[in-house]
Each structure stands twice: as C-alpha cells, then as structure tokens.
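# Reading the structure
Listed below are the residues making up each chain.
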Amino acid sequence: MQQARAAFPVLITVAFLGVLLAGCGSSESEAGVSAGTVSEGAPPTETEPEASTVPQESIPVATEPATTAAAAPTTTAAPSTTLTTVAAGPPVFDPQTFGDNLTLPSFVLTVTVDNTNFGQLNRTVTTSGYISDPRSAYELNTYSFDGTTDGSRSYVINGRSYEENPSGDWYLYEAGNPAAPEATRMLDLRSGTVGGLLNADYAGPGEYEGIAADHFVFDETDLASYSGYTPENPAPSVEGDFYLAQDGHYLLYTHSKESSPDRTYEVTEAVSYIGQLTEITLPDDLAGMNQALDVGVGLAAILPPGTTLSSMIRYSHGIGVDYYTYRSPVRDRDDLLTYFRTLPPTNGWSVVHIGHITPHLEPINCETKIECVILRNGSEQIVVSSNGTITVEYDHDHVFTAL
C-alpha cells in the first residue's frame, strides 16, 4: 500500500505539472521540486506506463527540444539555395558536353604544328574549309623544314574526292567510293588536342573572334598519357589552354606546348570565318581532275555491265599513263577475257589485242604471267587487266605494245 500511495502523487504531478506552471505562475523552485518528484519516484510499477499517454506538449522538458526541431527546416532551407547555385556555377571540364563544330554551317580551321628538335624547326600548317550543306571541304597543307617549303591539297566536292600530294601526283576518288578519304577526318576538334585530356581547370569567361567563350587551362598532369611516365622517364612539361563557345559548347581555339630537353612540340588549332564560306571549288590548275574522272566514267561503258569507276591515279613524273580502278561483278580473269573476245566496237573503242604485252610488270605482270587486253579508239589506247579488281590504264603515249 505504501508503494501505491507513492505512485499516485507521481501521476498527479505529471498530469498537472504543465497546468500548474502555466496557470498558477509557479516559481522556478517549485518546478524543480515537481520535476524531482518525477525523476526520483518509486521504482516503476505496472501503473506507471500509463504516463506515456499524456500529450507530449504537457511536459515542460519536451518544450525546448520541440522548439529546436521545429527550427531545423528553416536552418537547412537557406543552404539548399546556396547548394543549387554552386552546382550551376563555374563550368567544369566535361568532354561529354562538348558540341560538334561540324554542325556549324561553315568555318575555316587552321592547325599549326611546330616541332623543334635540337634547334631545328619543322612546321606544318594545315588550313581547312568546311561547308555542311552542300557537304564540301578542302585541306591545304604547307610543310616547312630546313629552309624548304612544300605542300599538298585535297578537296571533297559533290561527293568526289581530289588530292594532290607534295610530288604533284593525283589521287582521285569517284563519288560513292567507300575508300575515299572522309571529308571531315581532321575537322572535329574534339579528337584533336583536347582528345588527350583527362582534366582541365576553368580560368574564367572570355572571348575568341568576337564569340563569348569559357576559357580552360591545363598542364602535363591533366594529360591521359601522364600516368605512363616515371621518375626515371619524367613527363615533359606542358602548358595549354582552350576556348569553348558558351553557345553550342563547341571548341573555338586550343593551344598546347610540350617542352623537354632539346625538344618542343607546339600545336595551335583555331576556328575562324564561322558561317562565312559560301562555296568550295577546285582551283583552276586542278580543273583537269574533274575531266580525268569524267573520262573514267565514260570508259565504264566498254566494261562488263554493272562496272563502276572507283578511283584514278596520275603520277606527275610517271610514264604518261592514267590508272583507273573499277568495282565490277566480274571478278574472274577468264570471265573478263571471254567478255572482251566477244565485245563489238563500242563508243569508238575496239579490241585489238588479247594476250601478253610489254613493258608491263606493274601493277600487274602482263608480260609473262597473265593475258591483258588492248583497245584503241583512233589514236587513243587503253589496256585492261584484272587481278580481282579491274584496272584500266589510259596509255596516252602508247607505251605498251603487244607481244
């Protein structure tokens, strides 16, 4: 009974403690006594768990923690705005977000490579123009070494590909030839200097050629190849930067300079004349390339049905022969010879010889190994041979004769 009487005042005290303090203006000392009564009461009895049914707001000790918990959302709400601002802050290096400069209507790209070894400079300057519609491009290369300068030119126009190498040789490809060089093989800047970067640091906003851009910088530690170096084989020092257009995120300019003992390697890639090119045409001194391909297209009429022109080569210091190659459904040499044995005069061309010819060891040995065909049209002469692919040699100077 003594324990039961002790429990009853405890329940009364807990139930009405908040009311007494709020309604009767109890002093702090009285509140302390009542609180002591709760904490120092008799050991728990079966009736004490009922105290958990009392509303929490009636317990003074819970009032202060409740106020703190209610204030927490207000405290965390403000930083959430700050965090969003940081996430959308300065640009970070992410090649996945780089735009494709080939989506621009047109542009000119200049790539300069300076390779200096033991004080000797070897410079290559490549200037390329590109129009997206109709798709066309050109590439002009200038090579400078030891005081001498050389160069090469290539064009892609209406699907045809034209190339003149430093020796002046022509390499031409008819439209539709899958072996033709890709017009944009060197124009996508994402595969240039920045293609070798793992990271770069944002250096602030800038401008290039009047275009708003983001400026990034990098050094040798940002290169993908950096991990391959060792203290015994130290990495060269590298300084570089690039500008990324804010609108479209395509590359406008890149620069990288790699320095090591007795050697520097410097590359600059710069886009200019964006949207200003209207047409790309062959220069006058290369107009004969189109005519040469047209001749090859015409010669397909005397070849087996379904045969189409693939490519053409003319050597500037050769023997006066143009070399045409064709794609054809007739791949067996005997079938090709059978076709010419029954071919009537066609477009002015007539078969005058089937057998061995001389001199003819290259590209196919027609002197001793296989039989070839000679056709003439007035004073013009061609030789047809096959080694899985049909080759027609336009023999301008009648170099070849029958054996």
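Residues numbered from 1 in each chain as written. Predicted model: local features only at pLDDT ≥ 70, side-chain atom pairs only at ≥ 80, totals over all residues. Heavy atoms only, no water.

### Quick word on the overall build of the chain
This is how it is decided: Numbering of helices and strands runs from the N terminus; a helix is a DSSP stretch of H or I covering at least four residues, while a strand is a stretch of E covering at least two. For every residue, the accessible area obtained with a 1.4 Å probe (protein chains only) is divided by the maximum for its type, and the residue is called buried under 20%, exposed over 50%, and partly exposed between those limits. Only the protein chains shown count as cover for residues, and all accessible areas are computed by the Shrake-Rupley method using a 1.4 Å probe.
Helix and strand counts for the chain stand at five helices and 19 strands. For the chain, buried positions account for 35% of its 403 residues. Per element, the accessible surface of the chain, about 22600 Å² overall, is 55% carbon and sulfur.

### Quick look at empty space enclosed by the protein
As a reminder of what qualifies: Here a cavity denotes a set of grid points, spaced 1 Å apart and computed over the protein atoms alone, in which a 1.4 Å probe fits but from which it cannot get out, and a pocket denotes an open set meeting protein on both sides within 12 Å along at least five of seven lines; residues with an atom within 4 Å of a point are reported as lining. Grid points are joined across faces, edges and corners, and a volume is the space filled by probe spheres set on the points. Gly counts as polar in this scheme, as do all residues outside two lists: the nonpolar Ala, Val, Leu, Ile, Met, Phe, Trp, Tyr, Cys and Pro, and the charged Asp, Glu, Lys and Arg.
Taken as a whole, this structure holds one cavity of 30 Å³ or more when the rule is applied. Counted as a void, the largest cavity has a volume near 130 Å³. Lining the largest cavity are 15 residues, and of these Glu139, Ser154, Glu182, Ala183 and Arg185 lie nearest its centre. When contributions to the lining of the largest cavity are tallied by element, the ones reaching two or more residues are strand 3 (136–145), strand 4 (148–157) and strand 5 (160–164). For the lining of the largest cavity, the residue count by class is nine nonpolar, three polar and three charged.

### Observations concerning the confidence of the model for the chain
Note: predicted coordinates in regions of low pLDDT should not be interpreted at a detailed level. Rule in force here: A score between 0 and 100, pLDDT records how confident the predictor is in each residue. Residues count as neighbours in contact if any of their non-hydrogen atoms are within 4.5 Å of one another.
Residues at a pLDDT of 70 or more form 78% of the chain, whose mean pLDDT is 82. Counted against residues more than four places away or in other chains, residues 1–87, with its pLDDT under 50, gives 21 contacts.

### Looking at the side chain of serine 161
Inspection of the secondary structure assignment puts serine 161 in strand 5. Contact partners of serine 161, with chain neighbours within four places excluded, come to Tyr155, Val156, Tyr171, Leu172, Tyr173, Ala180 and Pro181.

### Comments concerning the state of the cysteines
Selection criterion: The disulfide criterion is simple: two cysteine sulfur atoms within 2.5 Å.
Going through the model one piece at a time under the given rule, you end up with one disulfide. At a sulfur-sulfur separation of 1.8 Å, the disulfide partner of cysteine 366 is cysteine 372. Handedness here is read from the sign of the S-S torsion; for cysteine 366 and cysteine 372, about -65°, the answer is left-handed. You can call cysteine 366 buried: its relative accessible area is 0%.

### What to know about the pairing of strand 5
Note the threshold: Criterion used throughout: strands pair if DSSP finds at least two bridges between them.
Taken across its five residues, strand 5 has four buried, putting it largely inside the fold. When strand 4 meets strand 5, the two strands line up antiparallel, connected through five bridges. For isoleucine 157, the partnering residue across the bridge sits in strand 5 and is arginine 160. Hairpin geometry of strand 4 and strand 5 is characterised by an intervening segment of two residues between the two adjacent antiparallel strands and by a positive phi of about 55° at asparagine 158.

### Here we look at the layout of surface pockets
Taken as a whole, the largest pocket encloses approximately 500 Å³ of empty space. Together, 25 residues line the largest pocket, and Val111, Gly192, Thr193, Val267 and Glu269 are the ones closest to its centre. If you list the elements that add at least two residues to the lining of the largest pocket, you get strand 1 (106–117), strand 2 (120–131), strand 3, strand 10 (251–260) and strand 11 (263–272). Looking at the lining of the largest pocket residue by residue, the classes come out as eleven nonpolar, nine polar and five charged.

### Focus: the side chain of glutamate 139
Basically, it comes down to this: Nitrogen and oxygen atoms within 3.5 Å of one another constitute a polar contact, given that in protein one can donate a hydrogen and the other can accept it, and given that sequence-neighbouring residues count only through two side-chain atoms.
Relative to the elements of secondary structure, glutamate 139 occurs in strand 3. Separated by 3.1 Å, the side chains of glutamate 139 and asparagine 141 make a polar contact. Not counting residues within four places of it along the chain, the set of residues in contact with glutamate 139 comprises Thr126, Thr127, Ser128, Ser152, Arg153, Ser154, Arg185 and Met186.

### Let's talk about the environment of alanine 270
For alanine 270, the position within the fold is in strand 11. Between the C-alpha atoms of alanine 270 and threonine 110, which are 160 residues apart in sequence, the distance is 5.3 Å. The contact partners of alanine 270, leaving out residues within four places of it in the chain, are Val108, Leu109, Thr110, Tyr208, Leu252 and Tyr253.

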